[in-house]
Amino acid sequence: MLKKSLSIAISMVFIFMLVACQSEMSNDKEQSKYHKITLMLDWYPNAVHSYLYVAKEKGYFEEEGLDVEFQFPANPTDPLSLAAAGKVTMGMYYQPDVIQAVANEGIPVKAVAAVVRSPLNHIVFRADQPIGHPLELEGKKIGYPGIPLNETIIKTIVENSGGSYEKVDMVNVEFELGSSLVSKKVDAVVGAYVNHEVPQLKSEGHDVGYINPVDYGVPSYYELVAVTSEKTWEKEQKEIEAFWRAARKGFDFMEKNSEEALQILLNQQDEANFPLNKEVETESINILLPKMKSELGFATQEKSSWEETANWLKDNGLIEEVPNIDELIVNILP
């Protein structure tokens, strides 16, 4: 009787092991149906990334045969450098910075999508001491995060208004933009985003206004673009195209159902490292939607935008030569 029971037990263990192995093989087979795509975001998840989380939640990536993973940068330049090195499939970065990296350092990347189609970087001031025109920046202290592009933005809007950039006092406040402004250490800041710092300051009870630099001569550059390496593009062109087809479906849903799209993002937020304020993100998504939409279709790129931005950077000494735009960009969506 003992031998019989032992035999039955051994048989049951064998059956369980066989079922487990078959299940594991089935899972491996299921996974192999999907092509792995890694996308490094420009920052922690926030409203601008809602369409991506929608595409994942709704299964749009899976419909295209993709297994998509989102990663977050440890350093600001990671999305560009890791994409260029092939460590991630794509990275989200900023059009002027992409042009500078290609022109000045020869970084081998291609821009495959334009996500935000006009600058989010605005000149922000306190409402109790409003700045109604760039000429009023003369004699003022302007805080910025030590990035030359921000100096160029101020120089452009002041000089295009007939003023002198030499009369503006630029103060490097690193990334303490909001605190420097509300503490009156500076009169205004540049480098603050209209979809983040502005609603954030308002939610904290600070009344602020802003100047859109595009209104005073700064080109309407793409704030956010997606880049990949030249080698990755050669190997994974079809999969990258599939990714942006799915992402477009995500944006279409986001545009029609912004509250639900934002809630999908909020459900996936990194609360431990970067908790989101729903009020701030709601205002942010409303600011972003018109800046992300294009008559040509979400994520499409226009060569003229890249040329205008590159020429502006060259005219202001940020690059020596305009890179070959035809080699730099690919327009993957009709």
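Conventions used here
- Residues numbered from 1 in each chain as written.
- Predicted model: local features only at pLDDT ≥ 70, side-chain atom pairs only at ≥ 80, totals over all residues.
- Heavy atoms only, no water.
- Helix = DSSP H or I, 4+ residues; strand = E, 2+ residues; numbered from the N terminus.
- Buried < 20%, exposed > 50% of the residue type's maximum accessible area, 1.4 Å probe, protein only.
- Contact = heavy atoms within 4.5 Å.
- Core = buried A, V, L, I, M, F, W, Y, C linked by side-chain atoms within 4.5 Å.
- Pairing = 2+ DSSP bridges.
- Axes fitted to C-alpha atoms, helices over the stretch in contact; angles between N-to-C directions.
- Salt bridge = Lys/Arg side-chain N within 4 Å of Asp/Glu carboxyl O.
- Right-handed = clockwise from strand over helix to strand, strands pointing away.
- pLDDT = per-residue confidence, 0-100.
- Expected span 1.5 Å × (residues − 1).
- Arc of directions from axis to C-beta.
- Phe/Tyr/Trp six-rings, centres within 6.5 Å; stacked < 30°, edge-to-face > 60°.

## Re the environment of E69
(1) Moving on: Counting through the fold element by element, E69 comes out in strand β2 (residues 66-71).
(2) Moving on: Judged by its relative accessible area of 30%, E69 falls in the partly exposed class.
(3) Moving on: Once residues within four sequence positions are removed from consideration, E69 is found in contact with K36, I37, T38, L39 and K56.

## Description of the nonpolar core
(1) Moving on: Ranked by size, the top nonpolar core spans 105 residues in total, and within it Y51, I154, F243 and W244 carry the most contacts.
(2) Moving on: Considering each element in turn, this core owes the most residues, ten residues, to helix α9 (residues 230-256).

## Description of the sheet that holds strand β6 (residues 141-144)
(1) Moving on: Read from one edge to the other, the open sheet built from five strands follows the order β7-β6-β8-β5-β9, with strand pairing classed as mixed. Looking at strand neighbours, the two that pair on one side only are β7 (169-172) and β9 (208-211), the edges of this open sheet. Going across the sheet, the axis of each strand differs from the next one's by a mean of 35°, ignoring polarity.
(2) Moving on: Pairing of strand β5 (residues 121-126) with strand β8 (residues 188-193) involves five bridges; the strand directions are antiparallel. Counterpart to I123 in the pairing with β8 is V190.
(3) Moving on: Docked against the sheet, helix α6 (residues 148-160) engages β5, β6, β7 and β8, running at close to 75° with respect to β5.

## Describing the pattern of salt bridges
(1) Moving on: Applying the stated criterion across every chain yields a total of eleven salt bridges.
(2) Moving on: R117 is the partner of E302 in a salt bridge, and the nearest nitrogen-oxygen pair spans 3.8 Å. Taken together, the residues span a long stretch of sequence, with E302 in the loop between α11 (278-292) and α12 (303-315) and R117 in the loop between β4 (109-116) and β5 at a distance of 185 residues.
(3) Moving on: For E302, a relative accessible area of 35% gives the class partly exposed.
(4) Moving on: Owing to a relative accessible area of 11%, R117 belongs among the buried residues under this scheme.
(5) Moving on: In this structure, K303 engages E307 in a salt bridge whose closest nitrogen and oxygen atoms are separated by 3.8 Å. Taken together, the residues span about one helical turn, with K303 and E307 both in helix α12 at a distance of four residues.
(6) Moving on: Note on K303: relative accessible area 35%, which makes it partly exposed.
(7) Moving on: Salt bridges sharing common partners tie together K303, E307 and D326.

## Focus on the pairing of β7
(1) Moving on: Two strands pair when backbone bridges link them, and β6 and β7 are joined in this way by four bridges, in the parallel orientation. Bridge pairing in β7 links G143 to V171.
(2) Moving on: In the classification by handedness, the crossover that spans β6, the intervening α6 and the parallel β7 is right-handed.

## Looking at the confidence of the model for the chain
(1) Moving on: On average, residues of the chain carry a pLDDT of 92, and 90% of them reach 70 or more.
(2) Moving on: Predicted confidence for residues 1-21 stays below pLDDT 50, and this span has zero contacts to residues more than four positions away or in other chains.
(3) Moving on: When the criterion is pLDDT under 50, residues 23-30 qualifies, and its contacts beyond four places in sequence or with other chains add up to zero contacts.

## Some remarks on α12
For an α-helix, 3.6 residues make a turn, and residues three or four places apart therefore share a direction.
(1) Moving on: An ideal rise of 1.5 Å per residue puts 18 Å on 13 residues; α12 measures up with 18 Å between its terminal C-alpha atoms.
(2) Moving on: All of the buried residues along α12 are S305, W306, T309, A310, W312 and L313. Considered in projection along α12, the buried side chains sweep an arc of 160° and stay on one side of the axis.
(3) Moving on: Residues of α12 that are buried in the fold lie against α5 (95-105), β4, α6, β10 (224-229) and α13 (325-328).

## Some remarks on the environment of G178
(1) Moving on: Mapped onto the fold, G178 is located in helix α7 (residues 177-182).
(2) Moving on: Of the residues examined, G178 reaches a relative accessible area of 22% and is grouped as partly exposed.
(3) Moving on: Spatially, the C-alpha atom of G178 lies 9.8 Å from that of H206, the residues being 28 residues apart in sequence.

## Some points on the packing of aromatic side chains
(1) Moving on: Inspection of every chain in the model, using the stated rule, returns twelve aromatic pairs.
(2) Moving on: For the ring pair Y44 and F274, a centre distance of 5.4 Å and an interplane angle of 15° mean the geometry is stacked. Of the two residues, Y44 is situated in the loop between β1 (35-40) and α2 (50-57) and F274 in the loop between α10 (258-267) and α11; the sequence distance between them amounts to 230 residues.
(3) Moving on: Overall, the relative accessible area of 26% leaves Y44 in the partly exposed class.
(4) Moving on: Among the residues examined, F274 registers a relative accessible area of 14% and is labelled buried.
(5) Moving on: Three or more aromatic residues joined by ring pairs make a cluster, and in this case those are Y53, F61, F70, F243 and W244.

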